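Tertiary structure, described
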Amino acid sequence: MEKESKASIFSTAAAILVWGGLWGIFEATAGYLLHLFELGIGWLVWYPAACFFMLNVYRKTRRTGAVLLVGLLSACIKLVNLFLPGRIDRVLNPAVSIVFEALTLAAAISAYNYFFAQKKRSVVFKSLIILCMNTGWRILYMLYLLFMVPDWIREISVISSTNAFVEFFFVHNLLTSLILLGASLMIKYILKPIRIFEHKLSAFLSSFPNKTAVGIKSAGAVFVLVCGIALELL
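Since the model is a prediction, treat every value here as computed from it, not as a measurement.

Turning our attention to the overall build of the chain. Helix and strand content of the chain: nine helices and zero strands. Compactness check: the chain gives a C-alpha radius of gyration of 19 Å against a globular reference of 17 Å for 234 residues, within 12% of the reference. Judged by the C-alpha coordinates and their principal axes, the chain covers about 60 × 50 × 35 Å. Put simply, the chain shows about 13900 Å² of open surface, and 71% of that area lies on carbon and sulfur atoms.

Dropping the structure here:
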């Protein structure tokens, strides 16, 4: 029993480090490309991508607590940019929003699992869950802007004007919710290449003694995390 518990903790920690690192790598590389071309569509990418990485952690661990932890890890990776020159709001606000996204996604997973047990599996129900969690983190984020930031950050934020508010709370909310709904309907196809890679990796590691396999997993997880942090700084 104790060995199983330790193995479970290790598996959870490895999943958090790996997917948190991959999240950091994605944000750094995709963020660079999006800023390079100045397309102004980053908002279409960041939230669905955040859900993708957090849901993969849940898929591997089946723990909502792991979702919260990977969100905190990703926020901490984002905060390393505070050591670089630049506006603090461009670092702090995304980090805070990631934490709120993790909180609402964990709550949505709990609600989804509860109703799933009662066999309420319609597309309408999925849409409602997605819209609620998307709206939830936006409400938390606006409360943060209203009560927890200095005036100069509030004056250039998504609540600085009626147009900015409508765009953030309604337009961005609706479109990203539609993206997430579409992804949820195609989740088997989206996850297929990931599952194939995981299966091949598991087969490869099984050829090593248990302690060696654990060491390789640990080193790989730390390596991915370090890459995410390094790319974020670069």
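Now that the structure is up, let's keep going.
Attention now goes to the pattern of salt bridges. Throughout the structure, instances matching the rule amount to six salt bridges. Taking the shortest distance from any N to any O, the salt bridge between Glu198 and Lys60 comes out at 3.8 Å. Here Lys60 lies in helix α2 (residues 42-61) and Glu198 lies in helix α8 (residues 187-205), a separation of 138 residues in the sequence. Overall, the relative accessible area of 40% leaves Lys60 in the partly exposed class. Between Glu232 and Lys78 there is a salt bridge, with its nearest N and O atoms 3.4 Å apart. Taken as a pair, Glu232 in helix α9 (residues 210-233) and Lys78 in helix α3 (residues 64-79) lie far apart in primary sequence, 154 residues in all. Accessibility classification places Glu232 together with Lys78 in one group, the buried group. Several salt bridges share partner residues, and in doing so they unite Glu27, Lys78 and Glu232 into one network.

Take the nonpolar core next. Grouped together as the largest cluster of nonpolar side chains are 44 residues, with contacts concentrated most on Trp23, Met54, Val67, Met133, Tyr141 and Tyr144. Listing elements by their share of this core, those giving two or more residues are α1 (2-37), α2, α3, α4 (89-116), α5 (123-147), α7 (162-185) and α8. Aside from chain neighbours lying at most four places away, what touches Trp23 is Ala50, Phe53, Met54, Val70, Gly71, Ser74 and Ile98.

Moving on, we come to the environment of Ser74. Within the fold, Ser74 resides in helix α3. Sequence separation of Ser74 and Gly21 is 53 residues, and the distance between their C-alpha atoms is 7.7 Å. Not counting the four nearest positions on each side in its chain, Ser74 is found in contact with Trp23 and Ile98.

At a closest axis distance of 10 Å, the pairing of α2 and α7 adopts a crossing angle of 45°. By the angle between their axes, α2 is oblique relative to α7. At the point where α2 passes α7, the crossing takes the right-handed sense. Contacts between α2 and α7 involve Trp43, Leu44, Tyr47, Pro48 and Cys51 from the former and His172, Leu175, Thr176, Ile179 and Leu180 from the latter. Taken together, the residues that form the contact of α2 with α7 break down as eight nonpolar, two polar and no charged.

Here is what the cut-offs are and how they apply
- Residue numbers run consecutively from 1 along every chain, following the written order of its sequence.
- Local features are withheld for residues below a pLDDT of 70 in this predicted model, meaning they are given only at 70 or higher, and side-chain atom pairs are given and counted only at 80 or more; totals for whole chains, interfaces and linings count all residues.
- Computation of side-chain values covers all heavy atoms of the structure but excludes hydrogens and water.
- Secondary structure elements are taken from DSSP: a helix is a run of H or I of four residues or more, a strand is a run of E of two residues or more, and numbering for both begins at the N terminus.
- To get the radius of gyration, use the C-alpha atoms; to get the globule rule, take the number of residues to the power 0.38 and multiply by 2.2 Å.
- In these tables, accessible area is a Shrake-Rupley quantity obtained with a 1.4 Å probe, and a residue counts as shielded only by the protein chains included in the view.
- Salt bridges are identified by distance alone: a Lys or Arg side-chain nitrogen within 4 Å of an Asp or Glu carboxyl oxygen.
- For each residue, the accessible area found with a 1.4 Å probe, counting protein chains only, is set against the maximum for its type, and the residue is called buried under 20%, exposed over 50%, and partly exposed in between.
- Nine residue types can take part in a nonpolar core, namely buried Ala, Val, Leu, Ile, Met, Phe, Trp, Tyr and Cys, and a core is a set of them joined through side-chain atoms within 4.5 Å.
- Note on contacts: a residue pair is in contact if any heavy atoms of the two residues lie within 4.5 Å.
- For helices, the fitted axis covers only the stretch in contact; all axes are lines through C-alpha atoms, and the angles between them, taken along N-to-C directions, range from 0 to 180 degrees.
- Angles are sorted into four bins: roughly parallel if under 35 degrees, roughly antiparallel if over 145, roughly perpendicular if 65 to 115, and oblique for all others.
- What makes a crossing left-handed is the near helix being turned counterclockwise from the far one by less than a right angle; a clockwise turn instead makes it right-handed.
- Following the grouping adopted for this structure description, the nonpolar residues are Ala, Val, Leu, Ile, Met, Phe, Trp, Tyr, Cys and Pro, the charged ones are Asp, Glu, Lys and Arg, and the polar ones are all others, Gly among them.

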